[in-house]
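Architecture at a glance
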Amino acid sequence: MRFEFATATRIIFGPGTIQEAAPLAAQMGRRAFVVTGRTIERAEMLLGELRKHKIDFVPFNVTGEPTTILVKEALEQARQAKTDLVLGIGGGSVLDTGKVVAAMLTNSGQLEDYLEVVGQGKPLTRNPVPYIAIPTTAGTGAEVTRNAVIGVPEYGGKVSMRSPLLLPRIAIVDPELTYSMPPFLTATTGLDALTQLIEADVCNKANPLTDGICREGLVRVARSLRQVYEDGSNEAAREDMALASLFSGLALANAGLGAVHGLAGPLGGIFNIPHGLICARLLPYVMQVNIQALQSRAGNKQALARYEQVAQLLTGKTSAGAIDGVKWIQELCSGFKLPSLSQFKLKEADFPAIVARSQKSSSMKGNPIALTDDELMDILKKADK
Ligand code: NAD
């Protein structure tokens, strides 16, 4: 057995830990570039603390999922401000933007040189400027992953910049920052975390360290996602979901993902569909097709036992079989009243292009069994019902 495990240099978890950001930032730099989400109010407290600690800063708003255009604009502003420190406070979109800005401030050349699929996937060679990542959603775990997902409009898809050097210097995970998430966002981001935990658990590169992390995360999602959707003020459930998200990031960064994320790249790149919703819609059908394929032809047979274990953790029943996990997720999702993908203008005529692109993605390589184009088409059809 050989595996490696890398994560952020330091992870600080707990309610109120946002207070630690400014003093830590003061030890790392003087001119900060602060990437925030659509609503700058969520970052006000942090900005006030930075002022108190005499750190000059330039704020930058990320209003949607990042694209090459947005990232280049951010980078330009960060260069002009002679930035020596980057902070990101927001969802995965914000955290990924911050990662790329921190990296491109020290690595020369064009952004595209470093992107997978559309570029050369050139390795980063220089350490980025110090980066503090502070999530405000509980779903992506991007504060501890070594990739950043960027939309490339002219390609019509999302691709990654990937390097261990992208791992933030500090990840501050404060569950209190997620209290303001409305039910729909709570559900879809939580289902992203659940997808990441399941895909990393059954994927080809799972290892004993990520196995333990996935299982601990799955238990927390099982007991808390429905609860926090129904009552966003449930602090214990918010804490569970913040941990589950962190664990999903630790696992995916060190094990990999699968077909849900393989399909999510082109789907989210072509259509303006929130990433968490795509995961929620695809997850039960990818699981169903994977289980059927693993039962009927050669593949990673261990994955079947793993799907069974996932089902047992989710349902809390030791007698649960692999397919019971799929049913548990379908029931959970039906309570969330999620919109269909066709409401975002996705049509059946688009499926072949999405399938073709998904087959090239690195996530698809982690899937426990190679799926055919027909199987992927079938997943898209079912997910859109
Ligand atoms: P997001 O960052 O796109 O945010 C979604 C919405 O939630 C935005 O409108 C934002 O303003 C709002 N929001 C954020 N925090 C809030 C809060 N506390 N209260 C109320 N509203 C809040 O959503 P996301 O799901 O966190 O991130 C999705 C992005 O992350 C996608 O681009 C996806 O591809 C990427 N991603 C990256 C990784 C990685 O490892 N790098 C992993 C998974 C997903």
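Structural data are supplied above this passage.
Now for a description of the structure that goes with this document. Everything numeric here is computed off the predicted structure, so don't read it as measured data. (Residues numbered from 1 in each chain as written. Predicted model: local features only at pLDDT ≥ 70, side-chain atom pairs only at ≥ 80, totals over all residues. Heavy atoms only, no water.)

**Regarding the nonpolar core**
Buried together is how nonpolar side chains tend to be arranged in soluble globular proteins. Applied cut-off: We define the nonpolar core as a collection of buried residues of types Ala, Val, Leu, Ile, Met, Phe, Trp, Tyr and Cys that are connected through side-chain atoms lying within 4.5 Å of one another. Categorising residues by exposure relies on relative accessible area from a 1.4 Å probe, with only protein chains included: less than 20% of the type maximum marks a residue as buried, more than 50% marks it as exposed, and the intermediate range marks it as partly exposed. Helix and strand definitions here come from DSSP, where helices need a minimum of 4 consecutive H or I residues and strands a minimum of 2 consecutive E residues; each element is numbered from the N-terminal end. Any two residues whose heavy atoms approach within 4.5 Å are treated as being in contact.
In this structure, Leu191, Leu194, Ile198, Leu267, Leu282, Ile329 and Ile379 are the most contacted members of the largest nonpolar core, which totals 75 residues. Considering each element in turn, this core owes the most residues, 13 residues, to helix 9 (residues 275-296). Excluding residues within four positions of it along the chain, Leu267 makes contact with Ile273, Ile278, Leu282, Leu341, Leu346, Ile354 and Leu380. Counting 31 residues, the second largest nonpolar core, distinct from the first, contains Ala78, Ala103, Leu124 and Ile150.

**A few points about the site of the ligand**
The condition that has to hold: Note on terminology: near, applied to a residue and a molecule or strand, indicates that one of the residue's heavy atoms is within 4 Å of it. Here a polar contact is taken to be a pair of N or O atoms separated by no more than 3.5 Å, where protein atoms must pair a possible hydrogen donor with a possible acceptor and residues adjacent in sequence count only if both atoms sit in side chains. The Shrake-Rupley method, run with a 1.4 Å probe, gives the accessible areas here. Residue values count only the displayed protein chains as cover. Gly falls in the polar group here, along with every residue not listed as nonpolar (Ala, Val, Leu, Ile, Met, Phe, Trp, Tyr, Cys, Pro) or charged (Asp, Glu, Lys, Arg).
Taken together, 25 residues lie near the ligand, and Gly92, Ser93, Thr136, Thr137 and Thr145 sit nearest. Glu65 has a polar side-chain atom sitting 3.4 Å from an oxygen atom of the ligand. A distance of 2.8 Å separates an oxygen atom of the ligand from a polar atom in the backbone of Gly92. Surface burial for the ligand is 88%, taken as the share of its 870 Å² of free accessible area covered by protein chains. Where the shell around the ligand is concerned, the elements lending two or more residues are helix 4 (92-104), strand 6 (147-152) and helix 5 (183-202). A class-by-class count of the residues in the shell around the ligand yields 6 nonpolar, 12 polar and 7 charged.

**Quick notes on the pattern of salt bridges**
As a reminder, the rule being used: Salt bridges are identified by distance alone: a Lys or Arg side-chain nitrogen within 4 Å of an Asp or Glu carboxyl oxygen.
Enumeration over the complete set of coordinates arrives at 17 salt bridges. Notably, a salt bridge pairs Lys327 with Asp324, separated by 3.8 Å at the nearest N-O pair. Of this pair, Lys327 and Asp324 both sit in helix 11 (residues 322-336), 3 residues apart, which is roughly one turn of the helix. By relative accessible area, Lys327 is classed as partly exposed at 47%. Classification of Asp324 by relative accessible area gives partly exposed; the value is 27%. Here the salt bridges do not stand alone but share partners, grouping Asp201, Asp211, Arg215 and Arg306 into one network.

**A look at the sheet that holds strand 3 (residues 56-61)**
Going by this rule: In short, DSSP must find at least two bridges between two strands for them to pair. Between the N-to-C directions of two axes lies an angle of 0 to 180 degrees, each axis being a line fitted to C-alpha atoms and, for a helix, fitted only over the stretch in contact.
Strand order across the open sheet formed by 6 strands is 1-8-5-4-2-3, with parallel pairing between neighbours. Sheet topology places strand 1 (10-13) and strand 3 at the edges, where each strand pairs with a single neighbour. Averaged over all adjacent pairs, the angle separating strand axes in this sheet is 15 degrees, with direction ignored. As paired elements, strand 2 (residues 31-36) and strand 4 (residues 85-90) share 5 bridges and run parallel to each other. Its bridge partner being in strand 4, Phe33 is matched across the sheet by Val86. Sheet strands touched by helix 4: strand 2, strand 4 and strand 5 (131-135). Its angle to strand 4, the strand with the most contacts, is close to 170 degrees.

**Things to note about the packing of aromatic side chains**
Note the following rule: For this analysis, a ring pair means two rings from Phe, Tyr or Trp (six-membered ring only for Trp) whose centres lie within 6.5 Å, classed as stacked if their planes differ by under 30 degrees, edge-to-face if by over 60, and tilted for the remaining angles.
According to the stated counting rule, one finds 2 aromatic pairs in the structure shown. A ring pair is formed by Phe33 and Phe60, whose centres lie 5.8 Å apart and whose planes are at 35 degrees; its orientation type is tilted. Placement of Phe33 in strand 2 and of Phe60 in strand 3 is noted, with a sequence separation of 27 residues between them. You'll find Phe33 and Phe60 in the same group, each marked buried. Pairing Tyr229 with Phe336 gives two aromatic rings, centres 4.5 Å apart and planes at 50 degrees, and the pair type is tilted. A residue pair is termed long-range when its members are at least 10 positions apart, and Tyr229 in helix 6 (residues 208-230) and Phe336 in helix 11 qualify at 107 residues.

**Quick notes on unusual backbone geometry**
Residue Lys82 is not a glycine yet carries a positive backbone phi of 50 degrees. Tracing the chain through its elements places Lys82 in the loop between helix 3 (68-80) and strand 4. Judged by relative accessible area, Lys82 falls into the exposed class, the value being 58%. Its identity as a non-glycine residue notwithstanding, Lys345 has a phi of 75 degrees, on the positive side.

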